Amino acid sequence: MSQVALIVGSKSDVSAAKGAVEVLERFGVSCQAHVCSAHRAPERLRQVVNEAEGAGAHVFIAGAGMAAALPGAVASMTTKPVIGLPLASGALNGVDALLAISQMPPGIPVATVAINGAANAAYLALEILALNDDALAGKLAAWRREQAERVDSFD
């Protein structure tokens, strides 16, 4: 059972999204990763989304650059939370993706994280999952305390 489905639009996006997989694995949350273009293979994308839901995905992370159609397309195919991950590419270095992902039409919400913010996309996914998982909520709280201690010390 994969709790998070990570989808990127092209093979060139995979390296920018790996940080999400690493964070999820650190917390023991399963992730299923896919490469699928919203523009080039919309029917395949629908299949990926349906299969991910069937495999237990509760949250989707969709990473894309430039026009960034992928997060909105995924959100139009599911009622599960979708986190848009804008990726730095093209002439505007990801700013166009950030703007595109943050401007979804009413009824098709997509949460948006920073450009190349794969780790934050994963942390947001974990927080969503933790709403119904006390053990995961405890792990997140402990991790936050550790982060605060690092900031407050000279170590």
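See above for the structure.
What comes next concerns the included structure. (Residues numbered from 1 in each chain as written. Predicted model: local features only at pLDDT ≥ 70, side-chain atom pairs only at ≥ 80, totals over all residues. Heavy atoms only, no water.)

Digging into the pairing of strand E4 (residues 82-87)
Most of E4 sits out of view: 6 of its 6 residues are buried. Across the two faces of E4 the burial is the same, with Val 82, Gly 84 and Pro 86 and Ile 83, Leu 85 and Leu 87 all buried. Note: strand E3 (residues 59-65) against E4, 6 bridges, orientation parallel. In the sheet register, Phe 60 faces E4, and the bridge partner there is Val 82. The parallel pair E3 and E4 is bridged by helix H3 (residues 69-77), and the resulting crossover is right-handed. Looking at chain direction, E4 and strand E5 (residues 111-112) are connected through 2 bridges and run parallel. Bridge pairing in E5 places Gly 84 opposite Thr 112. (Buried < 20%, exposed > 50% of the residue type's maximum accessible area, 1.4 Å probe, protein only. Helix = DSSP H or I, 4+ residues; strand = E, 2+ residues; numbered from the N terminus. Pairing = 2+ DSSP bridges. Right-handed = clockwise from strand over helix to strand, strands pointing away.)

Side note on the nonpolar core
Residues Phe 27, Val 29, Ile 61 and Leu 126 are the most contacted members of the largest nonpolar core, which totals 26 residues. Looking at this core, the elements with two or more residues in it are strand E1 (4-8), helix H1 (14-26), E3, E4, helix H5 (118-130) and helix H6 (134-151). Among the elements that line this core, the one with the most residues is H5, at 8 residues. With near-sequence residues (within four places) excluded, Ile 61 lies in contact with Val 4, Ala 5, Leu 6, Ile 7, Ala 20, Ile 83, Leu 85, Ala 121, Ala 122 and Ala 125. Within the second largest apolar cluster, 22 residues are counted, among which are Ala 38, Val 48, Val 49 and Ala 73. (Core = buried A, V, L, I, M, F, W, Y, C linked by side-chain atoms within 4.5 Å. Contact = heavy atoms within 4.5 Å.)

As for the pattern of salt bridges
Following the criterion strictly, the structure yields 1 salt bridge and no others. Between Glu 127 and Arg 144 there is a salt bridge, with its nearest N and O atoms 2.4 Å apart. With Glu 127 in helix H5 and Arg 144 in helix H6, this residue pair connects regions lying 17 residues apart in the sequence. Residue class for Glu 127 comes out partly exposed when judged on its relative accessible area of 34%. (Salt bridge = Lys/Arg side-chain N within 4 Å of Asp/Glu carboxyl O.)

Observations regarding the environment of Ala 33
You can see Ala 33 is positioned in strand E2 (residues 31-35). It is 9.9 Å that separates the C-alpha atoms of Ala 33 and Ala 62, two residues lying 29 residues apart in sequence.

Focus on the sheet that holds E5
The strand order across the open sheet built from 5 strands is E2-E1-E3-E4-E5, with neighbouring strands paired in parallel fashion. Two strands lie at the open edges of the sheet, namely E2 and E5, each paired on one side alone. The sheet contacts of H1 involve E1, E2, E3 and E4, and relative to E1 the element is tilted by about 170 degrees. Contacts between helix H2 (residues 42-54) and the sheet are confined to E1, E2 and E3, with E1 contributing the most and set at about 165 degrees to the helix. (Axes fitted to C-alpha atoms, helices over the stretch in contact; angles between N-to-C directions.)

Some thoughts on the pairing of E2
Of the strand pairs in this sheet, E1 and E2 are connected by 5 bridges, and their pairing is parallel. Counted as the bridge partner of Ile 7 is His 34 from E2. Note that the unit made of E1, H1 and E2 has a crossover that is right-handed.

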